[in-house]
Amino acid sequence: MIRIYFLALVICSGVLLAIEANELVILHPNQAVHEHVEGEDYSAFCEVKSHYESVEWVDPSRRTISDKRTGTVFVEKTQNMLQLRFQPLKSAHAGVYTCIASIRGGAQEKKSFNLTVLRPIKFGDKSRQYYALPGTNVSLPCEAEASPPPTVSWTFKDATIEGDGYIIYADGLLVNNVTEDKFGNYTCTASVTTNNNGFTKSIDIELKKAIPPEITSVYKNDTVHGVMNNVVSIRCPVIGDPWPEIKWMRDGKELNAAQFNANITSTPTGSILQFVLSNEEHLGNYTCKASNLFDKTSVTFTLEVGVLPAAPTVLVRDTLDGKLRLDITPNSTETLSNFRVTFKKSEEDESSWKTLDFGLKESPTNPYLINDLEPKSEYVYKVGACTEDDLCAFTNVSKITIQPIATSSTSTIHTVVTQVFILLPAFILGLMQRHRTT
């Protein structure tokens, strides 16, 4: 009995081998179904193992495919193969393609395959950044499309999310009761798996801690002082995330900068309202409002007439090594908050002025330093004394030429001379005090 089964198996195998050996048309790849992703370049080959009169590829509509490259599907001939090419592959190309070889004597041999076009994974155009307050719930959308439809998974801090405070939906993730440890980057991964193929694609979605807007006034009692016929600057420092929308209000209405002849400047730390205080009608209340998705707040500043401080006394200590060293002495009885130095190259236009603010120093022995100036270049500058209301009185514009970078010997001499000039006043004062005592 065993011999009979073995003999039957050998006979069947021989028949199959004979059939395969006698095949006149062979496809490469030799599969009934070809799966490929839309957008790729793809080729299939038809090999004819006999003398033939003609060979052709026909599309799913039974039309012969041309060898002219007038479209995205065409054929190319080789010695005994006809290549079917898709450049690139489109979803409309799906269907059954057949290679037909006409053999001498009128016989035909055909081989077909079914082309399945997989649509690549695409994510929706949703935001990749979301905010939440601690203790609230937030949904993170992740809309993935493909053909066949993808499966979606989520990871956070390299760990797969499977529950425990999260709910996974078909198009997103719900984060329940957000805590500090749940802020960060979430990864949404879409996967497609077929019989012969598989591919994935991921996007990162950031969950950030929301910060409601807050305005930190820099003015005592929220009162701003201005000088008639001078520019007034009202600063509104703001914090918040997402960055708040900032508006200026006047008499209960949003301030129209053009009609008011004002300039509203957005800065990385808030907003500045500037205008010329040309008449008393400009005095009064100005409200800065800041709002984002999580809250809104406002501060009202009162503009009053103030007194401009006196301009400071400025002496140039030196201009060596691409630096300008200044001794600045206040001349005002008003309470000052800082000194302000504005400067530019002489040949530059008026839009090139640069500004540096310096805090007040208790000891005048250390000069105020402006760095990174170009040696052998002429600069113009002016120095202002400013109050906490940003009322600044400036010196007249002065010119100065920056000296070239000193050599080591020149630098040593400069250091010695500088120290002498610093110590000389104290030495003279000591001699005068000794003279008085004697």
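Structural data are supplied above this passage.
Computed from a prediction, not measured in an experiment: that's the story for all the values here. (Residues numbered from 1 in each chain as written. Predicted model: local features only at pLDDT ≥ 70, side-chain atom pairs only at ≥ 80, totals over all residues. Heavy atoms only, no water.)

**Digging into the overall build of the chain**
Piece 1. The helix and strand tally for the chain stands at three helices and 34 strands.
Piece 2. Expressed as a percentage of the 438 residues in the chain, the buried residues total 35%.
Piece 3. A separation threshold of at least 6 residues defines the contact pool for the chain, and within that pool the share at least 24 residues apart is 62%.
Piece 4. Of the roughly 26,200 Å² of accessible surface on the chain, a fraction of 52% belongs to carbon and sulfur atoms. (Helix = DSSP H or I, 4+ residues; strand = E, 2+ residues; numbered from the N terminus. Buried < 20%, exposed > 50% of the residue type's maximum accessible area, 1.4 Å probe, protein only. Contact = heavy atoms within 4.5 Å. Areas by Shrake-Rupley, 256 points an atom, 1.4 Å probe, with all protein chains shown as cover.)

**Thoughts on the sheet that holds strand 31 (residues 368-370)**
Piece 1. The three strands are arranged 27-28-31 in an open sheet whose pairing can be described as antiparallel. For this open sheet the edge positions go to strand 27 (313-318) and strand 31, each flanked by a neighbour on one side alone. Looking at each pair of strands side by side, their axes are set apart by 30° on average, direction ignored. (Pairing = 2+ DSSP bridges. Axes fitted to C-alpha atoms, helices over the stretch in contact; angles between N-to-C directions.)

**Points about the pattern of salt bridges**
Piece 1. If you walk through the whole model with that rule in mind, you get 10 salt bridges.
Piece 2. A salt bridge links Arg-63 to Asp-59; the nearest nitrogen and oxygen atoms lie 3.1 Å apart.
Piece 3. Residue Asp-59 is classed as buried on the basis of its relative accessible area, which comes to 13%.
Piece 4. Across the pair Arg-325 and Asp-318 runs a salt bridge whose closest N-O atoms are separated by 2.7 Å. (Salt bridge = Lys/Arg side-chain N within 4 Å of Asp/Glu carboxyl O.)

**What about the side chain of Ser-377?**
Piece 1. When you line up the elements, Ser-377 lands in the loop between strand 31 and strand 32 (378-387).
Piece 2. Once you skip the residues sitting within four places of it in the chain, Ser-377 turns out to touch Lys-345, Ile-400, Thr-401 and Ile-402.

**Considering the environment of Val-75**
Piece 1. With respect to the secondary-structure elements, Val-75 resides in strand 5 (residues 73-77).
Piece 2. Looking at Val-75, the relative accessible area reads 5%, which means it is buried.
Piece 3. For the pair Val-75 and Thr-64, spaced 11 residues apart in sequence, the C-alpha to C-alpha distance is 9.9 Å.
Piece 4. What Val-75 contacts, discounting residues up to four positions off in sequence, is Trp-57, Ile-65, Ser-66, Asp-67, Leu-82, Gln-83 and Leu-84.

**Considerations on the sheet that holds strand 12 (residues 151-156)**
Piece 1. The strand order across the open sheet formed by five strands is 9-17-16-12-13, and the pairing between neighbours is mixed. Every other strand in the sheet has two partners, leaving strand 9 (129-132) and strand 13 (159-160) as the edge strands with one partner each.
Piece 2. Summarising the sheet, strand 12 and strand 13 pair through two bridges and their orientation is antiparallel. Its bridge partner lying in strand 13, Thr-155 is registered against Thr-160.

**Side note on unusual backbone geometry**
Piece 1. Look at the link from His-28 to Pro-29: it is a cis peptide, with omega at -5°.
Piece 2. Following the sequence through the fold, Pro-29 ends up in the loop between strand 1 (25-28) and strand 2 (33-37).
Piece 3. Residue Pro-88 is bonded to the preceding Gln-87 through a cis peptide linkage, with omega at -10°.
Piece 4. Following the sequence through the fold, Pro-88 ends up in the loop between strand 6 (81-86) and strand 7 (95-103).
Piece 5. At Lys-157, a residue that is not glycine, the phi angle is positive and equals roughly 55°.
Piece 6. Positionally, Lys-157 belongs in the loop between strand 12 and strand 13.
Piece 7. In this structure Lys-157 comes out as exposed when scored by relative accessible area, which is 55%.
Piece 8. Look at Asp-372: it is not a glycine, yet its phi comes out positive at around 60°.
Piece 9. As for its position among the elements, Asp-372 is in the loop between strand 31 and strand 32.
Piece 10. On the basis of relative accessibility, which here comes to 76%, the residue Asp-372 falls in the exposed class.

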